[in-house]
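Understanding the architecture of this molecule
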Amino acid sequence: MNVEKLHTVAEWVTFYRQEMTLPVAERGGFVMLPMTARLGVVHLPVVRAERVRDSLTRQGIAGPVLARQIRWSFLVTPDGRPGAQVLEVLNRLDIGIPVAGSAVMLPTGLGRWTREGCHWVVPPGPGAELPPLSMVITTALAVGSGGED
């Protein structure tokens, strides 16, 4: 499918479903990716996110990463929810894990500037394996932010 010819949200929904095998839906004029028991996301501040992406890439388990101005979102396979103490640490570090039932807005373009204010740092591919949630969290805690963690 030629992305240059995609103009409507409905066309982008079809593209994400068919070409990138993501279970997206149109909602309110935007392409939304719902969080489920099989698909999750981890939101990280940019500096930490860049370090996590680099580390996961070196380990050969990098997955799709979506960038916004101050936060990047890693698509993951949920393999359990962190306990209360870990969630408290993540919250302090501004690392978010949306619950099942929430959704993430996806860009209607593959370039850097889209109307949604986000772009793919690492775009999803058809049948791409997603890293486990626990691996992204463990890596995010291990790499630090370059500041005072």
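Refer to the structure above for everything that follows.
Residues numbered from 1 in each chain as written. Predicted model: local features only at pLDDT ≥ 70, side-chain atom pairs only at ≥ 80, totals over all residues. Heavy atoms only, no water.

**Considering the sheet that holds strand 2 (residues 30–34)**
The three strands lie next to each other as 1-2-6, forming an open sheet whose pairing is antiparallel. Edge strands, defined here as strands with exactly one partner in the open sheet, are strand 1 (25–27) and strand 6 (103–106). In this sheet, neighbouring strand axes are inclined to one another by 50 degrees on average, regardless of whether the strands run parallel or antiparallel. The pairing of strand 2 with strand 6 spans four bridges and is antiparallel. The residue of strand 6 that forms the bridge with P34 is A103. (Pairing = 2+ DSSP bridges. Helix = DSSP H or I, 4+ residues; strand = E, 2+ residues; numbered from the N terminus. Axes fitted to C-alpha atoms, helices over the stretch in contact; angles between N-to-C directions.)

**Description of the side chain of T139**
Positionally, T139 belongs in helix 4 (residues 133–143). On the accessibility criterion, T139 (5% relative accessible area) is buried. Non-local contacts of T139, meaning those with residues more than four positions away in its chain, are made with V52, S55, L56 and Q59. (Buried < 20%, exposed > 50% of the residue type's maximum accessible area, 1.4 Å probe, protein only. Contact = heavy atoms within 4.5 Å.)

**Looking at the packing of aromatic side chains**
This model, assessed by the stated rule, comprises four aromatic pairs. Here F15 and Y16 contribute two aromatic rings whose centre-to-centre distance is 5.7 Å and whose plane-to-plane angle is 65 degrees, an arrangement assigned as edge-to-face. Exposure class is identical for F15 and Y16. Each is buried. By way of ring pairs, the aromatic residues W12, F15, Y16 and W120 are connected into one cluster. (Phe/Tyr/Trp six-rings, centres within 6.5 Å; stacked < 30°, edge-to-face > 60°.)

**Overview of unusual backbone geometry**
At T21, a position not held by glycine, the phi torsion is positive, near 50 degrees. Here T21 is to be found in the loop between helix 1 (9–18) and strand 1. According to the relative accessible area criterion, T21 is partly exposed, its value standing at 45%. Of note, D94 is a non-glycine position whose phi angle comes to about 65 degrees, a positive value. In this structure, D94 sits in the loop between helix 3 (84–92) and strand 6.

**Details of the nonpolar core**
Ranked by internal contacts, the top residues of the largest apolar core, which has 21 residues, are Y16, L22, V24, V31, L33, L75 and L106. The leading source of residues in this core is helix 1, at five residues. Once residues within four sequence positions are removed from consideration, L106 is found in contact with Y16, L22, V24, V31, L33, L66, E116, C118 and W120. Within the second largest apolar cluster, 18 residues are counted, among which are V42, A49, I137 and A140. (Core = buried A, V, L, I, M, F, W, Y, C linked by side-chain atoms within 4.5 Å.)

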